[in-house]
Amino acid sequence: MKIMVDNKVYKRILCISDLHAPYNHPNSIDFIRGCNKAFKPDCVVNMGDELDFSASSYHESSTELYNPAKELEEGKKVIKELEKMFPSMRLLDSNHGSMAFRKANTAGLAQSLLKPYNEMLGVSKKWTWHNTLTLQTPMGSVYFVHQQSSNVLQVCSAVSMNVVQAHYHTKSCIHYTSSPERLMWAMNTGCLIDKNHLAFKYSRIIVKRPVLSLSVVDSGIPRIVPMVLKRNGEWDGKVHLWRCSK
């Protein structure tokens, strides 16, 4: 697996996870905009599954959802809103977001026959996709990956770094582990899907429900920012900060 290493030290990294556009929560872009204003990140990482590609999935999807062309068209509208906020962004390869390349591989097609992600989505080359990322913070290295293990501490142990992981919609949490030499943490980022959408009907028999949130690595310290909803299912309009360092 190719690992991208950037030696610049970032003070505040905003991590956006699992939008599954166009089936993202209707207020998710406003929530991201609010978090961007509150934290003023110097780096933005999209943790993957930026698009859902339900119509192109390996699993059955409802015939009442968009067809592949319409789904991509609607999803690109969400992507363009993100690009307005973040002209530069790093994105992680993921099981949904990378669906076109996965399907091409299944069909035995060379990836060179497909458009690059940037052309496919109509975004600038300042958006770059990576298998994984390793970024530096004032408190040491942080490893970013869409999905490697449901037990994120196992990923932390395997790479011997702090870890941010996405994919698991029902997990929005931070775990710490220590050794005689150092303290390390591992964080799951939650998601920003519209959990009531028909696209996620398959998950309604599961007792656990998606946790709507994003995360921030603030001067090397992990922070989860929950997207708190009102009783009508709309975002309450507040960025609930545990702590935002100066």
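Below is a summary of the structure that appears in this document. (Residues numbered from 1 in each chain as written. Predicted model: local features only at pLDDT ≥ 70, side-chain atom pairs only at ≥ 80, totals over all residues. Heavy atoms only, no water.)

**Side note on the pairing of strand β8 (residues 162-165)**
And step 1. Residues Asn162 and Val164 of β8 are buried on one face, and the alternating residues Val163 and Gln165, pointing to the opposite face, are buried as well.
And step 2. Relative to β8, strand β7 (residues 140-145) is paired through 4 bridges, and the arrangement is parallel. From the neighbouring strand, Val145 faces β8, where its bridge partner is Gln165.
And step 3. Where β8 and strand β10 (residues 183-189) come together, 3 bridges link them in parallel fashion. Across the sheet, residue Gln165 finds its bridge partner in β10, namely Asn188. (Buried < 20%, exposed > 50% of the residue type's maximum accessible area, 1.4 Å probe, protein only. Helix = DSSP H or I, 4+ residues; strand = E, 2+ residues; numbered from the N terminus. Pairing = 2+ DSSP bridges.)

**Regarding the sheet that holds strand β5 (residues 127-130)**
And step 1. Spatial strand order, β5-β4-β3-β2-β11-β12: 6 strands in an open sheet with mixed pairing. The open sheet has two free edges, formed respectively by β5 and β12 (221-226), since each of these has just one partner strand. Sheet twist, expressed as the average angle between the axes of neighbouring strands with direction ignored, equals 25°.
And step 2. Direction of pairing for strand β2 (residues 12-16) relative to strand β3 (residues 43-46): parallel, over a ladder of 4 bridges. Considered in β3, the bridge of Cys15 is made with Val45. (Axes fitted to C-alpha atoms, helices over the stretch in contact; angles between N-to-C directions.)

**Thoughts on the pairing of strand β4 (residues 89-92)**
And step 1. Neither face of β4 is exposed, since Met89 and Leu91 on one face and Arg90 and Leu92 on the opposite face are all buried.
And step 2. Judged from the 2 bridges that link them, β3 and β4 form a sheet pairing that is parallel. Bridging from a neighbouring strand, Val45 pairs with Arg90 of β4.

**Considering the environment of Val78**
And step 1. For Val78, the location among the structural elements is in helix α2 (residues 68-85).
And step 2. For the pair formed by Val78 and Tyr23, sequence separation is 55 residues and the distance between their alpha carbons is 9.7 Å.
And step 3. Among residues more than four places away in sequence, those in contact with Val78 are Ala21, Asn24 and Ile29. (Contact = heavy atoms within 4.5 Å.)

**Comments concerning helix α5 (residues 152-159)**
And step 1. Within α5 the residues assigned to the buried category are Val152, Val155 and Cys156. In an axial view of α5, the angular spread of the buried residues amounts to 100°, which keeps them on one side of the axis. The exposed residues of α5 that point more than 90 degrees off its buried face are Ser157 and Ala158.
And step 2. The elements touched by buried residues of α5 are β7, β8, β9 (172-178) and β10.
And step 3. Where α5 starts, the residue carrying a side-chain oxygen 3.1 Å from the main-chain nitrogen of Leu153 turns out to be Asn151.
And step 4. Looking one or two residues beyond α5, the residue adopting positive phi is Ser160, at roughly 55°. (Arc of directions from axis to C-beta. Polar contact = N/O pair within 3.5 Å; in protein donor to acceptor, adjacent residues only side chain to side chain.)

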